[in-house]
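# Residue-level structural notes
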Amino acid sequence: MSDSLPARLRSYRFERELGRGGMGVVHLAYDEHLGRHVAIKKLRPDRSDATRRERLRREARTAARLTHPAIVQIFDLVEADDGDWIVMERVEGAALAELLRDGPLPVDRVLSIGRQIAEGLAAAHALGVLHRDLKTENVAVLADGRVKILDFGLAKELDTLDDERTELSHSGQILGTGRAMSPEQARGVALGPRSDLFSLGVLLYEIATGVSPFRGASFVDTLGRVAGHDPSSPRTLRPELSAELSELIERLLAKAPELRPASARAVADDLARLDEERRLSDRESTPPEPRDTRATWSLATDPATDSLPAASSSVDRAFRAFRAGTLGMRRGPLLAAGLALFAVFAVAVALWAPRSVHDAPRDLGRGSVTAARSEVDREINDPLALYESGMDAVRRPDRPENVEAARAIFERLLAADHDSAAAHAGLARVYWEKGRGAVAGGDRVFLEQAETVARDAVRLGPYLADAHVSLGLVLGQRGDVDGARQAFETALELEPTSADGHFGRGRLAQSEGALDRAEEDLRRAFTLRPEPLYGNALGALLYTTGRYDAAEEAFTASLEQAPDNVYALRNLGALAFARGRLDEASRLVQKALTLRPDASLYSNLGTILFSRGLYARAAAAFEDALAQPGAGNQWIFWLNLGDAYRQMPDRPEDARDAYARAVRLLDERLEASPGQPRLVSRRRLALARAGDLEAACVDGEIADAAGVYDLLALAVTAELCGARERALAHLETALRAGLELTEVRREPDLLALRADPRFHDLVVVLDVTVLDVTVLDDAP
């Protein structure tokens, strides 16, 4: 089966078919790199109806924007000629419809499940997304009681009612399940959020009473009952239901949308209040138990008053106020009060606390997250320590399990408090890591998710530096340079010693060609937190500017901090390659491969093989690189593969295809980052090597701040275009900036140039001793 899959899916081990879901077949697959199972759904191809296929793609991308604990997460959308694939979170639980086979659910479960679903709908509606097919079959309940809304396959954006979008959505066709439709949906008219509330009312009626309020003898009969039948009050069917719950369900089932509750958020608040009242009533009827006065991460604000519950001690009050300010950032005065109280009691806390919140596990920054998981489990009562553990994990993206562990931590914090600005900031950081290609593919999907969550973080916590850092990283990746710069400046105003703030601002300056400012910020980040993330970023900058000794020092320092850091090993190997030490480069790549197979490592191995003239083996290594998750949307791997094919007499067409893929991906990146020297120079090189000299041999030059490898690429392009003078000029600039002569001597396209007397004169004057290898910060 894997031979027919797109490259981005070939590394998944398909285990079995789970059945049909929505509009396609669902498979269970295992991602060997993430160490987890995922569900992969292949949408049925419909080549005869391009608009329908585009609708499915658009709705999958829309659903992928939803990042709420109660909504199943979509990881990626892979578009292929023979059908599209959706990679999503694997959910292990029972559908609500299955639970109802034994009759209605206990009242406490009705309230809990209803509240979670309403919160998920509120998050979707806040992004302008309707579900349109909410029913018990589309909601799973996990073993721990958490809820997952499974299928947004009929999801529709609220603001797409123009003629074009209406056509794509097949206006006039009834979509959804009859018994759960709202009256307006059954009539085929425009829908709003309250249509989903009607479906929620049907679901609550069914799980509270065990019967469906509108199910008829046929589909047409059911639609008629939806439009004109008023069902019995839930309380008449089940007297133990409270009058308020029964009334809420009846309001949700009002025929006129304006008579239903105002929003899903309001419904969630009502259900939370009813559940709290039920708990209080149960406690009053049972003997009191000893009270645990310790502050825990599960303590949330009272939804009825939006204030903190009364604390049992001064330390408790201090920590809860600190939590409200730091992890929620919703109350400016409360933050100040919390910090003041926290300062007053800091000494007292230190005398009895087994660990300070500032002693949260830090070894995650230097080792694997798995080594500290039991430590994290012991820290779950400390939300700040838990948050720091998540951030430490996400700063080690060389191991995908770290990023997934960070995601689990931030989702756990969100489950405790969905308005936590810090948890949103951390989750946005996770999606940014995925979106920039360090862990998996699907840049567009992950970066859209990241921006949505990061903006929520800033909205919830305008004074939280990490929120602005996350937003800046995402905006910078998406090409919004001005927005990213403002975000980083705000973060550093709030926290001048933020290593992440300096890291983000330095990366942004580097993308703009302001290399001096970039180096200053990246050095500051590494000084503040001497960890691989920052050392690799600094080393990558120094490498691209030809300062190999300084780059080696930074990479070595990163490796000392974390001897198992794959990217530090890779970067040192690439540096050894650049300096002509091929045996050392091979040894370092092999060592990194023993830790974790990685697309960038396979690519660098291919580059070493290419330099030795082993083109077939190099091509095989580049193909293995592209078979890794997410590698298919990385232009550098396609460019390198094209270079290998180009040297093989029987693969010229394959070479042109690979170069064409590289150019398309570079064009996408240039839309987000216009004029970036690395992207512009490699695009011209790919076009020239593919034989499109008219497009490659343009007169315009790129920024003066181009790195030495950008200049080398421009020199090769100029040589292929027959512009020898320009090629020599680029080489002189690059060699003066520190490019090793070894790199020039490796380039097959510069063979004729190296025989030119002017080149030898240049070498003598400069007294220097010159395939892209992958050297970046912590991304492939």
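Computed from a predicted structure; not experimentally measured. (Residues numbered from 1 in each chain as written. Predicted model: local features only at pLDDT ≥ 70, side-chain atom pairs only at ≥ 80, totals over all residues. Heavy atoms only, no water.)

### Describing the overall build of the protein chain
Along its length, the protein chain carries 36 helices and 10 strands. Looking at the protein chain as a whole, 57% of its 780 residues qualify as buried. Roughly 31,700 Å² of accessible area belongs to the protein chain as shown, and the carbon and sulfur atoms make up 50% of that amount. (Helix = DSSP H or I, 4+ residues; strand = E, 2+ residues; numbered from the N terminus. Buried < 20%, exposed > 50% of the residue type's maximum accessible area, 1.4 Å probe, protein only. Areas by Shrake-Rupley, 256 points an atom, 1.4 Å probe, with all protein chains shown as cover.)

### Focus on the side chain of Glu-451
One can find Glu-451 in helix 17 (residues 443-460). A residue is classified by how much of its surface remains accessible, and Glu-451, at 17% relative accessible area, is buried. When sequence neighbours within four positions are dropped, the list of residues in contact with Glu-451 reads Val-474, Leu-475 and Arg-478. (Contact = heavy atoms within 4.5 Å.)

### What about the packing of helix 24 (residues 566-578) against helix 25 (residues 582-595)?
When two helices pack together, their arrangement is captured by the angle between the axes and the distance separating the axes. At a closest axis distance of 7 Å, the pairing of helix 24 and helix 25 adopts a crossing angle of 165°. One finds that helix 24 runs roughly antiparallel with respect to helix 25. Where helix 24 crosses over helix 25, the two elements pack in a sense that is left-handed. Across the interface between the two elements, Val-566, Leu-569, Leu-572, Gly-573, Ala-576 and Phe-577 from helix 24 touch Leu-582, Glu-584, Ala-585, Leu-588, Lys-591, Ala-592 and Leu-595 from helix 25. A class-by-class count of the residues in the contact of helix 24 with helix 25 yields 10 nonpolar, 1 polar and 2 charged. (Axes fitted to C-alpha atoms, helices over the stretch in contact; angles between N-to-C directions. Parallel < 35°, antiparallel > 145°, perpendicular 65-115°, else oblique. Left-handed = near helix turned anticlockwise from the far one by under 90°. Nonpolar A, V, L, I, M, F, W, Y, C, P; charged D, E, K, R; others polar.)

### Some details on the pattern of salt bridges
When charged atoms on two side chains of opposite charge get close, those side chains can pair. Applying the stated criterion to the full structure yields 57 salt bridges. For Arg-579, the salt bridge goes to Asp-549, with nearest N and O atoms at 2.9 Å. With a gap of 30 residues between them, Arg-579 in the loop between helix 24 and helix 25 and Asp-549 in helix 23 (residues 548-561) connect regions that are remote in the sequence. Overall, Arg-579 belongs to the partly exposed group, its relative accessible area being 22%. Put simply, Glu-552 and Arg-581 hold a salt bridge, and the shortest N to O gap is 3.6 Å. One end of the pair, Glu-552, is in helix 23; the other, Arg-581, is in the loop between helix 24 and helix 25, with 29 residues separating them in the sequence. Judged by its relative accessible area of 24%, Glu-552 falls in the partly exposed class. The partly exposed category is assigned to Arg-581, whose relative accessible area is 30%. Where salt bridges share partners, they join Asp-392, Arg-395, Arg-429, Asp-500, Arg-529 and Glu-531 into one cluster. (Salt bridge = Lys/Arg side-chain N within 4 Å of Asp/Glu carboxyl O.)

### Things to note about unusual backbone geometry
Even without being a glycine, Arg-132 presents a positive backbone phi close to 75°. Structurally, Arg-132 is set in the loop between strand 7 (129-130) and strand 8 (139-142).

### Topic: the pairing of strand 5 (residues 85-89)
Across the 5 residues that make up strand 5, a large majority, 5, are buried. As paired strands, strand 4 (residues 74-78) and strand 5 are joined by 4 bridges and run antiparallel to one another. Note that in strand 5 the partner of Val-78 across the bridge is Trp-85. (Pairing = 2+ DSSP bridges.)

### Description of the environment of Phe-577
Note on placement: Phe-577 falls in helix 24. Phe-577 sits in the buried class, given a relative accessible area of 2%. Between the alpha carbons of Phe-577 and Ile-608 there is a distance of 7.4 Å; along the sequence they are 31 residues apart.

### Side note on the pairing of strand 8
Burial along strand 8 is two-sided: the residues Val-139 and Val-141 and Ala-140 and Leu-142 are all buried. In the sheet, strand 6 (residues 93-95) pairs with strand 8 via 3 bridges, with the strands oriented antiparallel. Residue pairing across strands places Gly-93 opposite Leu-142, the latter belonging to strand 8. Summarising the sheet, strand 8 and strand 9 (residues 147-149) pair through 3 bridges and their orientation is antiparallel. In the strand pairing of strand 9, Ala-140 is matched with Lys-148. Here strand 8 folds back onto strand 9 in antiparallel fashion, the turn holding 4 residues, of which Gly-145 has a positive phi close to 95°.

### A short note on helix 23
A rise of 1.5 Å per residue sets the reference length of helix 23, with its 14 residues, at 20 Å; its end C-alpha atoms lie 20 Å apart and thus fit the reference within 8%. Inspection of helix 23 places Tyr-548, Ala-551, Ala-554, Phe-555, Ala-557, Ser-558 and Leu-559 among the buried residues, and these make up the whole buried set. (Expected span 1.5 Å × (residues − 1).)

### So, the packing of aromatic side chains
Two descriptors summarise a pair of aromatic rings, namely the distance from one centre to the other and the angle between the planes of the rings. Taken as a whole, this structure holds 6 aromatic pairs when the rule is applied. With centroids separated by 5.6 Å and ring planes inclined at 15°, the aromatic side chains of Phe-198 and Phe-214 adopt a geometry described as stacked. Here Phe-198 is found in helix 6 (residues 193-209), whereas its partner Phe-214 is found in the loop between helix 6 and helix 7 (219-228), with 16 residues between them in sequence. Given a relative accessible area of 0%, Phe-214 falls into the buried group. Geometrically, the ring pair formed by Tyr-543 and Tyr-548 is edge-to-face, given 5.9 Å between the ring centres and 70° between the ring planes. One aromatic cluster is present, built from ring pairs that chain together Tyr-543, Tyr-548 and Tyr-709. For the cation-ring pair, Arg-746 lies above Phe-577, with the distance from its terminal atom to the ring centre recorded as 3.8 Å. (Phe/Tyr/Trp six-rings, centres within 6.5 Å; stacked < 30°, edge-to-face > 60°. Lys NZ or Arg CZ within 6 Å of the ring centre and 35° of its normal.)

### Quick word on the sheet that holds strand 9
The strand order across the open sheet built from 3 strands is 6-8-9, with neighbouring strands paired in antiparallel fashion. The open sheet has two edge strands with one neighbour each: strand 6 and strand 9. The sheet shows a mean angle of 30° between the axes of neighbouring strands, direction not considered. Sitting on the sheet, helix 3 (residues 107-126) touches strand 8 and strand 9, and the angle it makes with strand 9 is about 40°.

### Focus: the side chain of Arg-689
Inspection of the secondary structure assignment puts Arg-689 in helix 30 (residues 677-689). Only 2.9 Å separates the side chain of Arg-689 from the side chain of Asp-749, close enough to count as a polar contact. (Polar contact = N/O pair within 3.5 Å; in protein donor to acceptor, adjacent residues only side chain to side chain.)

### Describing the confidence of the model for the protein chain
Regions with low pLDDT carry predicted coordinates that are not meant to be interpreted in detail. Residues at a pLDDT of 70 or more form 75% of the protein chain, whose mean pLDDT is 77. In the model, residues 288-380 has pLDDT below 50 throughout and makes 144 contacts with residues more than four positions away in sequence or in other chains. Long-range and interchain partners of residues 768-772, a stretch whose pLDDT sits below 50, account for 27 contacts in this model, where long-range means more than four residues apart. (pLDDT = per-residue confidence, 0-100.)

### Some points on helix 6
Over its 17 residues, helix 6 extends 25 Å from the first C-alpha to the last, a length consistent with the 24 Å expected when each residue adds 1.5 Å. Burial analysis of helix 6 places 15 of its 17 residues in the buried class, the great majority of the element. Gly-210 lies just past helix 6 and shows a positive phi near 85°.

### Describing the state of the cysteines
The tally for this structure, following the rule as stated, stands at 1 disulfide. A sulfur-sulfur separation of 1.7 Å characterises the disulfide bridge that pairs Cys-697 with Cys-721. The chirality of the disulfide connecting Cys-697 with Cys-721 is left-handed, given an S-S dihedral of about -95°. Taken as a pair, Cys-697 in the loop between helix 31 (693-696) and helix 32 (708-720) and Cys-721 in the loop between helix 32 and helix 33 (724-737) lie far apart in primary sequence, 24 residues in all. Cys-697 sits in the partly exposed class, given a relative accessible area of 27%. On the basis of relative accessibility, which here comes to 25%, the residue Cys-721 falls in the partly exposed class. (Disulfide = S-S within 2.5 Å.)

### Concerning the packing of helix 28 (residues 635-646) against helix 30
For the pair helix 28 and helix 30, the least separation of the axes is 11 Å and the interaxial angle reads 30°. Viewed along their axes, helix 28 and helix 30 adopt a mutual orientation that is roughly parallel. Along this stretch, helix 28 crosses helix 30, giving a crossing that reads as left-handed. Contacts between helix 28 and helix 30 involve Trp-635, Ile-636, Leu-639, Asp-643 and Arg-646 from the first element and Arg-678, Leu-679, Arg-682, Ala-686 and Arg-689 from the second. Taken together, the residues of the contact of helix 28 with helix 30 sort by class into 5 nonpolar, no polar and 5 charged.

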